[in-house]
Amino acid sequence: MERLTYAGSIIKKKSVDIKKSRIGLGFEKLDRDVFNPEDAYDFVAESGVKWARLQSGWQRTEKVKGVYDFAWLDSIVDKMISIGVEPWLCLCYGNELYTEAAKTVFGAVGVPPIHTQEERDAWANYVTAVTKHYKGRIHYYEVWNEPDGQWCWKHGPNAEELADFTTATAIACKAGDPSCEVIGLVICGREDFAAETADCGCFDHLDGISYHTYTINKDVWISRIDFLRELAAKHGKPDIKIFQGESGTQSRSDGAGALRGGAWTKAKQAKFLLRHLITDIAHGVVFSSYFSCIDMIEALNGTVGDVASYRDYGYFGVIGADFGEDGKPTGNFHRKPSYFALQTLASVLAEDYDICELPVEGEVNPSVRMRDVDFDFNACERYGFRRADGACALMYWKPANILTETYEGTVSLRLGADLAGRKVRLVDLLDGQVYDLPASMTAEEGKLVNIPVTDVPLMLMFDDFCDWERVK
């Protein structure tokens, strides 16, 4: 950005200062008590996110048959609400009181209560108790987690089982809180499985569907939304709500979990976060949840009594940490670059706006910066946003491979009449710094010439699309 003039920075808003947002953050795995939430609350409060995905923890809540102790979850739910974040709840996992297999699986992960009438009744009673208890505090409930994966449906994913389970769970949810909304599918990748589940029934009982996308392929991010929209329409729910419930990546290459083994760095994680959240939001999800708040163990395939079996560290957090012998994060909590990117995006995309095509076309000019010509803007990923007062933002980047490429170049733009003549500034979404463009880039009426483009999303701000403060 050395050719530009530093003008100021985006005002970073706390979650409590934002009334409406489509950006969320994962706060999962507390059903297994894998981190101390007190270590993360202040970070979450300052991040600007408005949604937090929690997991209900049946086994942690019902330790005596028919007796529900919500105290541990109450403390989390109430704290989130107090800092301006709306919790939504994934209903999971099994319970060793009712299912023999759950006795050996850490956290009863992936052990659905479906094999006996006692299991099914106990689950329904628990779900109804949950929604009744949290009426007025939690509105959205999600049925299970990644049931198309062997790790979360350990005896083998089965679409007919899931459809029946989803229907029964949705009915139990409404019994406790008729006003709540129920989210189903929660697939992590298998579109064929989602289609088969839908064919088996359950859509009539759902208010929304959710998905996870752990991939660097941006075409999958988009096609997954399109697929689910088409699937819902086929089953008579063309306007069903779609949620991106979980997606993130590591900040180092030696982590366990999804996308493991990739050449991940903290910088690449931040790039992934910005690209993914912007793409999700621009394609109409109700909200997009980034996984996750803090570095923690994966804890999907552990064995009870064998701590080593679930000391499988995933470095997905926007908050970094060290780990103790028990596998829990401890000490040296720090904000990663992905945290600052999340914080910036949450402040930029706060409140109401429309997603729109902006009147912008690329042209290729000679570029001294590149000792060649511009990169063709028409080959960029780009999304437009417009406020009610007419202020606009254009987010754009070169879609280079996240793991293997970095890019810095220039693009040139022709602006339509709606944008030509407006005051335009460039925002670095990684850190929220705002820049004025020099005369050399804005001299031609209705054109921006040789402005920066990188493989990390940048934002052109036409008028004051978001709150920022000029450097004094």
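Once a new chain begins, its residue numbering starts again from 1 and follows that chain's sequence as written. Totals for whole chains, interfaces and linings use every residue, but because this is a predicted model, local features are given only for residues with pLDDT of at least 70 and side-chain atom pairs only at 80 or more, for both listing and counting. The basis for every side-chain value is the complete set of non-hydrogen atoms in the structure, without hydrogens or water.

## Some points on the overall build of the protein chain
Strands here are runs of E lasting at least two residues and helices are runs of H or I lasting at least four, both read from the DSSP assignment and numbered beginning at the N terminus. In terms of regular secondary structure, the protein chain is built from ten helices and 25 strands. Put simply, the radius of gyration uses C-alpha atoms, and a globule should come to 2.2 Å times the residue count raised to 0.38. Over its C-alpha atoms the protein chain spans a radius of gyration of 23 Å, differing by no more than 12% from the 23 Å that the globule rule assigns to 472 residues. Burial status across the protein chain gives 59% buried among its 472 residues. In these tables, accessible area is a Shrake-Rupley quantity obtained with a 1.4 Å probe, and a residue counts as shielded only by the protein chains included in the view. For the protein chain, the exposed surface amounts to about 17,800 Å²; the carbon and sulfur share of it is 49%. In the protein chain, 52 positive and 71 negative side-chain charges are present, and the distance between their average locations comes to 3 Å. Here's how the labels work: a residue is buried when its accessible area is under 20% of the maximum for its type, exposed when over 50%, partly exposed in between, all with a 1.4 Å probe on protein chains only. Charge counting treats Lys and Arg as positive and Asp and Glu as negative, with His and both chain ends excluded. For the purpose of locating charges, the reference atoms are NZ of Lys, CZ of Arg, CG of Asp and CD of Glu.

## Side note on the nonpolar core
Residues enter a nonpolar core if they are buried and are Ala, Val, Leu, Ile, Met, Phe, Trp, Tyr or Cys, with the set joined through side-chain atoms within 4.5 Å. In terms of nonpolar packing, the biggest core is built from 123 residues, with Phe-27, Phe-385 and Phe-465 touching the most fellow members. Working rule for contacts: check all heavy atoms of both residues, and any pair within 4.5 Å makes them a contact. Apart from the residues within four sequence positions on either side, Phe-465 is in contact with Val-348, Leu-349, Tyr-353, Phe-385, Arg-386, Arg-387, Ala-391, Cys-392 and Ala-393. Grouped together as the second largest cluster of nonpolar side chains are 25 residues, Leu-358, Phe-375, Leu-415 and Leu-437 included.

## So, the packing of helix 5 (residues 159-176) against helix 6 (residues 191-199)
Angles here are taken between N-to-C directions and fall from 0 to 180 degrees, while the axes themselves are lines fitted to C-alpha atoms, restricted in helices to the stretch in contact. It is at 8 Å that the axes of helix 5 and helix 6 come closest, and there the two elements cross at 55 degrees. Taken as axis vectors, helix 5 and helix 6 run oblique relative to one another. Handedness of the helix 5/helix 6 crossing: right-handed. Contacts between helix 5 and helix 6 involve Ala-159, Leu-162 and Ala-163 on the former and, on the latter, Phe-193, Glu-196 and Thr-197. Broken down by class, the residue content of the contact of helix 5 with helix 6 amounts to four nonpolar, one polar and one charged. Reported orientations rely on four angle classes, namely roughly parallel under 35 degrees, roughly antiparallel over 145, roughly perpendicular from 65 to 115, and oblique for the rest. Should the near helix be turned anticlockwise from the far one by less than a right angle, the crossing is left-handed, and should it be turned clockwise, the crossing is right-handed. Classes in brief: Ala, Val, Leu, Ile, Met, Phe, Trp, Tyr, Cys and Pro nonpolar; Asp, Glu, Lys and Arg charged; the others, Gly included, polar.

## Some words on the sheet that holds strand 23 (residues 447-454)
Between any two strands, pairing holds if DSSP finds at least two bridges. Strand order in the open sheet made by the three strands is 15-20-23, with antiparallel pairing throughout. Strands at the two margins of the open sheet, each flanked by one partner only, are strand 15 (360-363) and strand 23. Taking each pair of neighbouring strands and ignoring which way they run, the sheet shows an average axis angle of 45 degrees. Taken together, the four bridges between strand 15 and strand 20 (residues 408-415) define a ladder with antiparallel strand orientation. Residue pairing in the sheet places Glu-363 in a bridge with Ser-412 of strand 20.

## Some thoughts on the environment of Leu-349
Considering the arrangement of structural elements, one finds Leu-349 in the loop between helix 9 (337-348) and strand 14 (354-356). Spatially, the C-alpha atom of Leu-349 lies 8.0 Å from that of Arg-22, the residues being 327 residues apart in sequence. When neighbours within four sequence positions are excluded, Leu-349 is seen to be in contact with Ser-21, Ile-281, Phe-385, Arg-387, Met-395 and Phe-465.

## Comments concerning the layout of surface pockets
Cavities and pockets were defined on a 1 Å grid built from protein atoms only: a cavity is a group of points that admits a 1.4 Å probe but offers it no way out, a pocket is an open group of points flanked by protein on both sides within 12 Å along at least five of seven lines, and a lining residue is one with an atom within 4 Å of any such point. Grid points are joined across faces, edges and corners, and a volume is the space filled by probe spheres set on the points. Here the largest pocket defines a volume of roughly 430 Å³. Residue lining of the largest pocket: 22 residues in total, with Glu-146, Trp-151, Ala-258, Glu-298 and Leu-300 positioned closest to the centre. A breakdown of the residues in the lining of the largest pocket according to their chemical character gives nine nonpolar, four polar and nine charged. Within this model, the second largest pocket holds a volume of roughly 280 Å³. In terms of lining residues, the second largest pocket is bounded by 16 residues, among which Lys-20, Ser-21, Arg-22, Trp-51 and Val-286 are the most central. Split by residue class, the lining of the second largest pocket holds seven nonpolar, two polar and seven charged.

## Description of the sheet that holds strand 8 (residues 241-247)
Read around the closed barrel, the eight strands follow the order 2-3-4-5-6-7-8-9; overall the barrel is parallel. Neighbouring strand axes in the sheet, compared pairwise and without regard to direction, differ in orientation by 30 degrees on average. Relative to strand 8, strand 7 (residues 208-212) is paired through five bridges, and the arrangement is parallel. By the bridge assignment, Ile-209 is partnered in strand 8 with Ile-242. Relative to strand 3 (residues 51-55), helix 3 (residues 71-82) is tilted by about 175 degrees, and along the sheet it contacts strand 3 and strand 4 (86-91).

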